[in-house]
Every structure is written in structure tokens, then in C-alpha cells.
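Listed below, chain by chain, are the residues.
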Amino acid sequence: ESQLSIITQERDGLFDKVASLEGKLDNVHSEKVLMNLSICSLSSGAEEARKELDVVRNQRNDLLAKCDGLENEMSALKVEHDFIVSHTQDLETKVDSLKDAVDSMESEKLMLCDQLGQNASKMSSLQSDYDDLHNSFKELNLKAGIM
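Residues numbered from 1 in each chain as written. Predicted model: local features only at pLDDT ≥ 70, side-chain atom pairs only at ≥ 80, totals over all residues. Heavy atoms only, no water.

Student: What is the right way to look at the overall build of the protein in this model?
Tutor: Each helix and strand counted, the protein has one helix and zero strands in total. Compactness check: the protein gives a C-alpha radius of gyration of 61 Å against a globular reference of 15 Å for 147 residues, more than 25% above the reference. C-alpha atoms of the protein, sized along the principal axes, occupy 210 × 20 × 10 Å. Counting the 147 residues in the protein, one finds 0% classified as buried. (Helix = DSSP H or I, 4+ residues; strand = E, 2+ residues; numbered from the N terminus. Rg over C-alpha atoms; globule rule 2.2 N^0.38 Å. Buried < 20%, exposed > 50% of the residue type's maximum accessible area, 1.4 Å probe, protein only.)

Listed below in C-alpha cells is the structure:
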């Protein structure tokens, strides 16, 4: 009996240890479940963060594409601006040349008007000389007719 009592006590001690280990195992299992839930939650949060990161990356890429488009537009406008400036300078040079030509023509016109005035004066003098000669011929003809 004493041996039975010792074995019973050992058995009861083993049952207590098994019960204690089962409790600890339940605790570990509960912690594992909680950790799995935390991992799932973190994974879900990480997935959401990845999705948000993808959205932000897409927005950044869209903005970079728009920037590239604007830079290309600016380059085209710069080329057009440079062409307009160059063309405007050419036109200003032509205008200056035309002004010089007009000034030269005005000078020539004034000179021709002056010559025209001189020619008119000479013509008037020649007309007067002609009239005098004509009158002299008339007189000579009259005298010749009398004689």
C-alpha cells in the first residue's frame, strides 16, 4: 500500500505537471494566436501602405510626365520666341534700310525740285529770248517786205 500511495502521489504529481504544462501550452497557443492576429493585422496594414505607396508613385509619375510635357512646351516656346526675336530684328533692320532709302529719295526729290526750278527759270529765259528773236524776225520780215 505504501508503494501504491507513493505511485499514486507520483501519478498525481505527474497529472499536476501535465495540467500545468497543458495550461502553459494553452497560454503559448493563445499567445501564438494573438501573434498571428498581430501579424495578419500588420500584413493588412503593410498591404494598405503598399497600395497607398503605389498611388503616390503613380501620382509622382504623372507629375513627372506633366513636368516633362511642360519642359517640352517651354522649349518649343523658347524656339518660337527666338525665331520671333530674330525675325523682328530682321524687320527692324529692313525698316531702318527703308527709312534710309526714303530719306535718300527725299533728298533726291528736293534736288530734282531745285533743278526743276532752275530749268523753269532757264525755260522762261529761253522763251523770252525766243520771243525776242521771233519779234526780230517779224520786224525783219516786215522791213524786208517793205523793201
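Student: Sorry if this is basic, but what is going on with the pattern of salt bridges here?
Tutor: Within the structure shown, the criterion is met by four salt bridges. In this structure, Arg50 and Glu47 form a salt bridge, with 3.4 Å as the shortest nitrogen-oxygen distance. With Arg50 and Glu47 both in helix α1 (residues 2–146) and three residues apart, the pair spans about one turn of that helix. A residue is classified by how much of its surface remains accessible, and Arg50, at 48% relative accessible area, is partly exposed. Overall, Glu47 belongs to the partly exposed group, its relative accessible area being 38%. (Salt bridge = Lys/Arg side-chain N within 4 Å of Asp/Glu carboxyl O.)

Student: Is there a simple way to explain the environment of Thr88 in this structure?
Tutor: Summarising the element assignment, Thr88 is placed in helix α1. For Thr88, a relative accessible area of 35% gives the class partly exposed. Along the chain, Thr88 and Leu142 lie 54 residues apart, while their C-alpha atoms are 77 Å from each other.

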